[in-house]
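Report on the structure
Listed below are the residues making up each chain.
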Amino acid sequence: MAVVRNIQKLWGLGVGAIRQHAALRTSRVLQQRAFRLSGAQCQESFDSSLEKPQFPGASAEFIDHLEFIEPNVIAGIPVYRVMDRQGQIINPSEDPQLSKDTVLNFYQKMTLLNTMDRILYESQRQGRISFYMTNYGEEGTHIGSAAALDSNDLVFGQYREAGVLMYRGFPLDLFMAQCYANADDVGKGRQMPVHYGSKDHNFVTISSPLATQIPQAAGAAYAVKRENSNRVVICYFGEGAASEGDAHAGFNFSATLECPIIFFCRNNGYAISTPTHEQYRGDGIAARGPGYGMLSIRVDGNDVFAVYNATKEARRRAVAENQPFLIEAMTYRIGHHSTSDDSSAYRSVDEVNYWDKQDHPISRLRHYMTARGWWGEDEERTWRKQSRKLVMEAFERAERRLKPNPELIFTDVYDELTPALVRQRDSMMRHTQQYKEHYPFDLYEN
Ligand SMILES: Cc1ncc(C[n+]2csc(CCOP(=O)(O)OP(=O)(O)O)c2C)c(N)n1
């Protein structure tokens, strides 16, 4: 017994444990034998066609021949449209039957955006603002989607969605203030032009790094779901931005976390000089949605009613079912990428002219309104004059306004100024006092 006790001590085991161990071994051996036996039995009467894959990673059938799945890029996902190029409703059951006032508001917002673009683009050419990006050709995507949302819905943009903010009532003065970085700018003049944002309009401030808003929007949609507030988040991005890693992260998080979000891709054919065939080889962006388990649709982005219908239904279902939707709006970037770009270096004038003259969202809506007797030459002339005046007046006010107090470059880095930032600010103030004749302080508030 003494020997056994010593062995037990040596192993650190009690007698019970040794017995258990032995029993476990015996049962494993028996199990293995039984397994071999049943395997042998199964082999005799096994019908492999009845076997179902049990892998936890996918729910699918087995197939017994080698076959790669072909990407379906020849016959792509169809483009949903409501109106043809002449503004005729194609299928009356899809007509959203919006009131005359609503349609006139669509048209006025689309054309006001276009007028603001023309004036600010020229302003940049003259060196009055440092940078600008136009929205030419994409007005229908902005207004159609914005109109289908609730004003409480949270918007995350890229930089070419000024029409969404305009539809929500962001004043012309504040668009100008941001581009001029004057003292009225909500962002205190800190970002480049077109990086708008407005808490009052539920429009999250734009930043330059592409696609970073996509996973952020997914997170916001998750928060919205937890609040149970019947809101949806919409996140805009270009087809170029969709190549970023952040797009993958945002899509996958939204699907797995069941977030009420609409991903709205503006596929305008170019990412600066990169055409879509150098951007991806699949069937655009819409085809990626099902891969993430997302309901997806491709729409004609130059058809404001198609964009409206798709966004409205995606919004309804995203809120009701807590799941993400992907809308790919096919359109064309008629303008240069930005004022730093000359697009004639990489595409033909004929190509641009086709979209400008033959398939433009503004002219298509105008055809629709004209056919109903809601709009004519007189209305067009009056509105052109009036909208130009509105923009010019805001432009002149913005240009006259002083720039923000220079000390504001130190605030909001953190919530409160740190001692190091206080030292830097004081040092800058001493320096600029000493050399004030070298600084344009007459242009700044103090
Ligand atoms: C992370 C990152 N990479 C590169 C850039 C430079 N950049 C700015 S806009 C742009 C093209 C984006 O194209 P797309 O997403 O299709 O939008 P579009 O300009 O056509 O509206 C690039 C590459 C950037 N801002 N951020």
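This write-up is about the structure you can find in this document. Quick caveat: nothing in here was measured; it's all calculated off a predicted structure.

Roughly 810 Å³ of volume is contained in the largest pocket. Forming the boundary of the largest pocket are 29 residues, of which N114, T115, R118, I362 and R384 lie nearest the centre. Looking at the lining of the largest pocket, the elements with two or more residues in it are α3 (100-125), α11 (349-358), α12 (361-371) and α13 (377-400). Per-element tally for the lining of the largest pocket: the top contributor is α3, with 8 residues.

Inspection of the region around the ligand gives 17 residues, with Y159, R160, G240, A241 and Y270 positioned closest. Within the side chain of Y159, an N or O atom sits 2.6 Å from an oxygen atom of the ligand. Here L210 contributes a backbone N or O atom positioned 3.0 Å from a nitrogen atom of the ligand. Burial of the ligand by the protein chains amounts to 73% of its free accessible area of 590 Å². The residue inventory of the shell around the ligand, partitioned by class, reads 7 nonpolar, 6 polar and 4 charged.

What follows is about the side chain of H201. Tracing the sequence through the fold places H201 in the loop between α6 (172-180) and β2 (203-204). A distance of 2.7 Å separates a polar atom in the side chain of H201 from a polar atom in the side chain of S198. Non-local contacts of H201, meaning those with residues more than four positions away in its chain, are made with L165, R168, G169, F170 and P171.

Take empty space enclosed by the protein next. Enumeration over the complete set of coordinates arrives at 1 cavity of 30 Å³ or more. Residue lining of the largest cavity: G157, Q158, Y159, S207, S208, P209, L210, A211 and Q213, and that is the complete set. Across the lining of the largest cavity, the residue classes break down as 4 nonpolar, 5 polar and no charged.

Cut-offs used in this document
Residues numbered from 1 in each chain as written. Predicted model: local features only at pLDDT ≥ 70, side-chain atom pairs only at ≥ 80, totals over all residues. Heavy atoms only, no water. 1 Å grid on protein atoms, 1.4 Å probe; cavity = no way out; pocket = protein on both sides within 12 Å on 5 of 7 lines; lining within 4 Å. Points joined across faces, edges and corners; volume = space filled by probe spheres on them. Helix = DSSP H or I, 4+ residues; strand = E, 2+ residues; numbered from the N terminus. Near = heavy atom within 4 Å. Polar contact = N/O pair within 3.5 Å; in protein donor to acceptor, adjacent residues only side chain to side chain. Areas by Shrake-Rupley, 256 points an atom, 1.4 Å probe, with all protein chains shown as cover. Nonpolar A, V, L, I, M, F, W, Y, C, P; charged D, E, K, R; others polar. Contact = heavy atoms within 4.5 Å.

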